[in-house]
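What follows is each chain in one-letter form.
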Amino acid sequence: MKLQARDLRWRPPHSGTARTIVEDVSLHVGEGELVGLIGPNGSGKSTVLRMIYRILRPTAGAVAVDGRDVWEISARENARLMAVLAQEQGGGVDAGGGFGGFSVCEMVSMGRTPHKSPFARDDRHDAGIVQSAMQRTGVLPMAERSFATLSGGEKQRVLMARALAQQAGLLVLDEPTNHLDVRYQFEIMNLIRSLGVTAIAALHELHIAAHYCDRLYLLENGRLAASGTPAEVLTEETIASVYGVRAAIRLHPRTGRPHIEFMPDDPV
Ligand SMILES: Nc1ncnc2c1ncn2[C@@H]1O[C@H](COP(=O)(O)OP(=O)(O)OP(=O)(O)O)[C@@H](O)[C@H]1O
């Protein structure tokens, strides 16, 4: 599955003189690629992803999956094409997020909804997929727990399991490592990579972006500041100018991927 976003712009509707949040953003994710969207707080990463997963209609520009405009596809078919791990869920779930009454297993089972006719019950095929998704994300032992009682990191893994259960060819992930300790950060990223599906992920952790992504897009104030391989994008100059932090970067001799050492005490 391929993703293409062309000339995306977003301004809050009915906002009078409000500023444009995203301007001129074009990106593509090839079949089986894992692409990272990075940039400082407020640079527009979530807004770009929301346009991709069709929560926000672009003010201008278009998003296409395998050449089809996402707004011309029904919401249900769209859910079969792309699975989303969104920030709203991550933020919302801390307070229950409306899912307070559901068990972990029920939450993950919701990933099967786009594949079933209305009112159909889970069959054994669905149950097997749900079980496997819980196993791969390490949440199987808590299958019967109430979702609301989980820690932030446990909830994040359950939401990842739900996205896996959806078995979509495109994953759209807004900070998938949010709330996760270092072990689970790597486990989730290894899992995403091992799936071999097409994926785009907003990431804060630059070492994760450097290590896992095939290519990166760097946003600054709603516009693309750089794009390319991690080694092309994560340079000392770009990190200083976009993030305002000094860093020393070495390329790993075997992988060619950047290894970043931040030097927060050195002036930019
Ligand atoms: N509905 C809205 N109305 C007005 N401004 C908005 C709206 N949604 C987002 N913004 C603003 O747009 C900017 C980009 O927000 P966005 O959430 O896309 O950034 P981000 O890069 O994902 O940030 P973070 O890394 O902090 O999650 C922010 O300044 C935000 O306050």
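Residues numbered from 1 in each chain as written. Predicted model: local features only at pLDDT ≥ 70, side-chain atom pairs only at ≥ 80, totals over all residues. Heavy atoms only, no water.

Caption draft 1: Geometry of helix H1 (residues 45–52). For H1, a buried count of seven out of eight residues is recorded, marking the element as mostly surrounded by other parts of the structure. Listed as buried for H1 are Lys 45, Ser 46, Thr 47, Val 48, Leu 49, Met 51 and Ile 52. Phi turns positive one or two residues past the end of H1, at Arg 54, with a value near 70°. (Buried < 20%, exposed > 50% of the residue type's maximum accessible area, 1.4 Å probe, protein only. Helix = DSSP H or I, 4+ residues; strand = E, 2+ residues; numbered from the N terminus.)

Caption draft 2: Focus on the packing of aromatic side chains. For the structure shown, the criterion picks out one aromatic pair. Between Arg 54 and the ring centre of Trp 71, over which it is positioned, the NZ or CZ distance is 5.1 Å. Seen from the ring of Tyr 184, Arg 157 lies directly overhead, with NZ or CZ sitting 3.7 Å from the centre. (Phe/Tyr/Trp six-rings, centres within 6.5 Å; stacked < 30°, edge-to-face > 60°. Lys NZ or Arg CZ within 6 Å of the ring centre and 35° of its normal.)

Caption draft 3: Region of interest: the site of the ligand. The local shell around the ligand holds 14 residues, among which Arg 19, Gly 42, Lys 45, Ser 46 and Thr 47 are the closest. Arg 19 has a polar side-chain atom sitting 2.7 Å from an oxygen atom of the ligand. Between the ligand and the protein, one listed contact pairs an oxygen atom with a side-chain N or O atom of Asn 41 at 2.9 Å. Contact with the protein chains removes 62% of the 640 Å² of surface that the ligand exposes when unbound. Sort the elements by how many residues they give to the shell around the ligand and H1 lands first, with three residues. The residue inventory of the shell around the ligand, partitioned by class, reads four nonpolar, seven polar and three charged. (Near = heavy atom within 4 Å. Polar contact = N/O pair within 3.5 Å; in protein donor to acceptor, adjacent residues only side chain to side chain. Areas by Shrake-Rupley, 256 points an atom, 1.4 Å probe, with all protein chains shown as cover. Nonpolar A, V, L, I, M, F, W, Y, C, P; charged D, E, K, R; others polar.)

Caption draft 4: Inspection of the environment of Pro 13 at higher detail. Checked against the element boundaries, Pro 13 lands in the loop between strand E1 (3–10) and strand E2 (22–29). Between the alpha carbons of Pro 13 and Thr 59 there is a distance of 8.1 Å; along the sequence they are 46 residues apart.

Caption draft 5: Inspection of the packing of helix H5 (residues 124–136) against helix H6 (residues 152–165) at higher detail. Running from N to C, H5 and H6 cross one another at 140°; their axes reach a closest spacing of 8 Å. With respect to their mutual orientation, H5 and H6 come out oblique. You can see that H5 and H6 cross each other, and the crossing is right-handed. On H6, the residues that touch Ile 129, Ala 133, Met 134 and Arg 136 of H5 are Ala 161, Leu 164 and Ala 165. Considered class by class, the residues forming the contact of H5 with H6 number six nonpolar, no polar and one charged. (Axes fitted to C-alpha atoms, helices over the stretch in contact; angles between N-to-C directions. Parallel < 35°, antiparallel > 145°, perpendicular 65-115°, else oblique. Left-handed = near helix turned anticlockwise from the far one by under 90°. Contact = heavy atoms within 4.5 Å.)

Caption draft 6: Structural detail: the pairing of strand E3 (residues 34–38). The buried count for E3 comes to five of five residues, which makes it a mostly enclosed element. In E3, alternate side chains face the same way, and those of Leu 34, Gly 36 and Ile 38 on one face and Val 35 and Leu 37 on the other are all buried. Two elements, E3 and strand E8 (residues 198–202), share four bridges in a ladder whose sense is parallel. When the sheet's bridge partners are listed, Val 35 is paired in E8 with Ile 200. Sheet topology note: the E3/strand E9 (residues 215–220) ladder contains four bridges and is parallel. When the sheet's bridge partners are listed, Leu 37 is paired in E9 with Tyr 217. (Pairing = 2+ DSSP bridges.)

Caption draft 7: Structural view of the packing of H6 against helix H7 (residues 182–195). Running from amino to carboxyl end, H6 crosses H7 at an angle of 5°, the nearest separation of the two axes being 12 Å. Between H6 and H7, the angle falls in the class roughly parallel. On the side of H6, the interface is formed by Arg 157, Met 160 and Leu 164, while H7 contributes Tyr 184, Ile 188, Leu 191, Ile 192 and Leu 195. Class assignment of the residues belonging to the contact of H6 with H7 gives a composition of seven nonpolar, no polar and one charged.

Caption draft 8: The arrangement of the pattern of salt bridges in detail. Summed over the entire model, instances satisfying the criterion amount to seven salt bridges. The partner of Glu 33 in a salt bridge is Arg 215, with the nearest N and O atoms 2.8 Å apart. Of this pair, Glu 33 sits in the loop between E2 and E3 while Arg 215 sits in strand E9, placing them 182 residues apart in sequence. Between Arg 112 and Asp 126 there is a salt bridge, with the nearest N and O atoms lying 2.7 Å from each other. (Salt bridge = Lys/Arg side-chain N within 4 Å of Asp/Glu carboxyl O.)

Caption draft 9: Layout of the sheet that holds strand E5 (residues 68–69). If you trace the four strands from one edge of the open sheet to the other, you get E2-E1-E4-E5, paired in antiparallel fashion. Only two strands of the sheet have a single neighbouring strand rather than two, namely E2 and E5.

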